[in-house]
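# Structural features, examined
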Amino acid sequence: MTFSVKSLPIKISSPLTPKMFNIDVPSNSAYRVRVVLRAQAETSVTLLSQFRRFVLDDKHLLAGEALDFSFLAHVCDYRWRDKETTFVNCVSVGIMCGAAVVETIEAEKIDGGVLYIGGDSTVSDQTADYPYRPYKTYCGWAQMLPLYMPQLCISNHAQSGASTQSWREWNFPPVWRTMQSGDFLLLQFGHNDQKCDFLAPMGGYRDNLLFFIQEAREKGVTPILCTPINRIIFEEDGTLDHSLDEYAAAVISAAKEEGVCCIDLHGATTRHFESLGEDNAWKYFRFCGSERDFTHPNDYGGKLVAKMAATLLEHSAIEGLVKR
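What comes next concerns the included structure. (Residues numbered from 1 in each chain as written. Predicted model: local features only at pLDDT ≥ 70, side-chain atom pairs only at ≥ 80, totals over all residues. Heavy atoms only, no water.)

## Examining the side chain of Arg286
Looking at the secondary structure, you find Arg286 in strand S13 (residues 285-288). A distance of 2.8 Å separates the side chain of Arg286 from the backbone oxygen of Lys136, its partner in a polar contact. Excluding anything up to four places from it in sequence, Arg286 contacts Tyr135, Lys136, Thr137, Tyr138, Glu291, Arg292, Asp293, His296, Pro297 and Asn298. (Helix = DSSP H or I, 4+ residues; strand = E, 2+ residues; numbered from the N terminus. Polar contact = N/O pair within 3.5 Å; in protein donor to acceptor, adjacent residues only side chain to side chain. Contact = heavy atoms within 4.5 Å.)

## Focus: unusual backbone geometry
One can expect most non-glycine residues to show negative phi and most peptide bonds to be in trans. Between Leu8 and Pro9 the backbone carries a cis peptide bond, its omega angle lying at 5°. Inspection of the secondary structure puts Pro9 in the loop between strand S1 (2-4) and strand S2 (10-24). Pro131 follows Tyr130 through a cis peptide bond whose omega is 5°. Along the chain, Pro131 turns up in the loop between strand S8 (114-119) and strand S9 (153-156). Located in the positive-phi region is Arg52, a residue other than glycine, with phi close to 55°. You can see Arg52 is positioned in the loop between strand S4 (43-49) and strand S5 (53-61). Arg52 gets classed as buried once you look at its relative accessible area, which sits at 7%. (Buried < 20%, exposed > 50% of the residue type's maximum accessible area, 1.4 Å probe, protein only.)

## So, helix H6 (residues 299-316)
Residues that lie three or four places apart on an α-helix share one face, since the helix turns once every 3.6 residues. In this model, H6 (18 residues) spans 25 Å end to end at C-alpha, consistent with the 26 Å of a helix rising 1.5 Å per residue. What H6 keeps buried is the set Asp299, Gly301, Gly302, Lys303, Leu304, Val305, Ala306, Met308, Ala309, Ala310 and Leu313. Of the surrounding elements, those touching the buried residues of H6 are S5, strand S10 (184-188), strand S11 (222-226), strand S12 (261-263), helix H4 (265-276) and strand S14 (291-297). At the N-terminal end of H6, a side-chain oxygen is found 3.0 Å from the backbone nitrogen of Tyr300, two or three residues along, and the residue is Asn298. (Expected span 1.5 Å × (residues − 1).)

## Here's the deal with the packing of H4 against H6
Following both chains from N to C, one finds H4 and H6 inclined at 130°, their axes separated by 10 Å at the closest point. By the criterion of interaxial angle, the relationship of H4 to H6 is oblique. For the element pair H4 and H6, the recorded crossing hand is right-handed. Contacts between H4 and H6 involve Leu265, Ala268, Thr269, His272 and Phe273 on the former and, on the latter, Leu304, Val305, Met308, Ala309 and Leu312. Of the residues belonging to the contact of H4 with H6, the class tally is eight nonpolar, two polar and no charged. (Axes fitted to C-alpha atoms, helices over the stretch in contact; angles between N-to-C directions. Parallel < 35°, antiparallel > 145°, perpendicular 65-115°, else oblique. Left-handed = near helix turned anticlockwise from the far one by under 90°. Nonpolar A, V, L, I, M, F, W, Y, C, P; charged D, E, K, R; others polar.)

## Section: the sheet that holds S9
Taken together, the five strands give an open sheet; going across it, the order is S9-S8-S10-S11-S12, and neighbouring strands pair in parallel fashion. In this open sheet, the two strands that pair with only one neighbour each are S9 and S12. Each neighbouring strand pair of the sheet contributes to a mean axis angle of 25°, computed without reference to strand direction. Pairing of S8 with S10, which is carried by five bridges, proceeds in the parallel orientation. In the sheet register, Ile117 faces S10, and the bridge partner there is Leu186. (Pairing = 2+ DSSP bridges.)

Quick look at the structure:
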């Protein structure tokens, strides 16, 4: 059955602020979403899904050219720390485009595995201030992952400030209820765990990772561990700060012990940003005037890290994940 936005066609002219549309759907599930629009002048189109998750970025269109684009979205209830469960009953689509007529926005419920993601602010779907300035935004890399792995239906439950312990207590329960056999669970933590003495790398942190692995396997879900991306705190010798090294090692150790896939984003980001050097690395992390952020990528950095993650996932050859 197909569900659609009823108030179309509609003209839009919002190149720097998304025009939002909601499709009411009956249940939490995976959906194939189709957007059809026609450019009224030469323009570019960016499509966002759910909580500012990028599914199409800066697609150039000539005047009169049509775009007929489909992508996967997951509708899922969620719970943030210290909040009640939020029940979700719609597919959200945001369109940034200078001049176009939107003709169709529809969603069809589908079957198939879902990639659930847990993590902290470096992974989560971050909001943005508008008019849109990509260098000024916060961006979790998972909100850019659909650009590089469009075959995946992604359900991102990462939350800013989350540790393995808070995510286990607050965010994981609705994910656990929704996950089904054949799904995947990818986890990246560490930045906030290191603030808690009881979440030492080879202590509570590792114990929680093992808990998630066990819970996923009991439901027939494939767990995937990911080392935390590194901060761009440069030492005098041009290398990056090593404060997350022990957490990355704990992830690698747990994955090896349990025989699960490990995506080493800590190693990949460390090597890449060290090769760029401090001045160039700043282009990929949030900045606004003199305000600098050592931890959080901007949208340019989110795309960069998402591409790294996609490459590592593809090379991992996880059964059923890459070729779908």
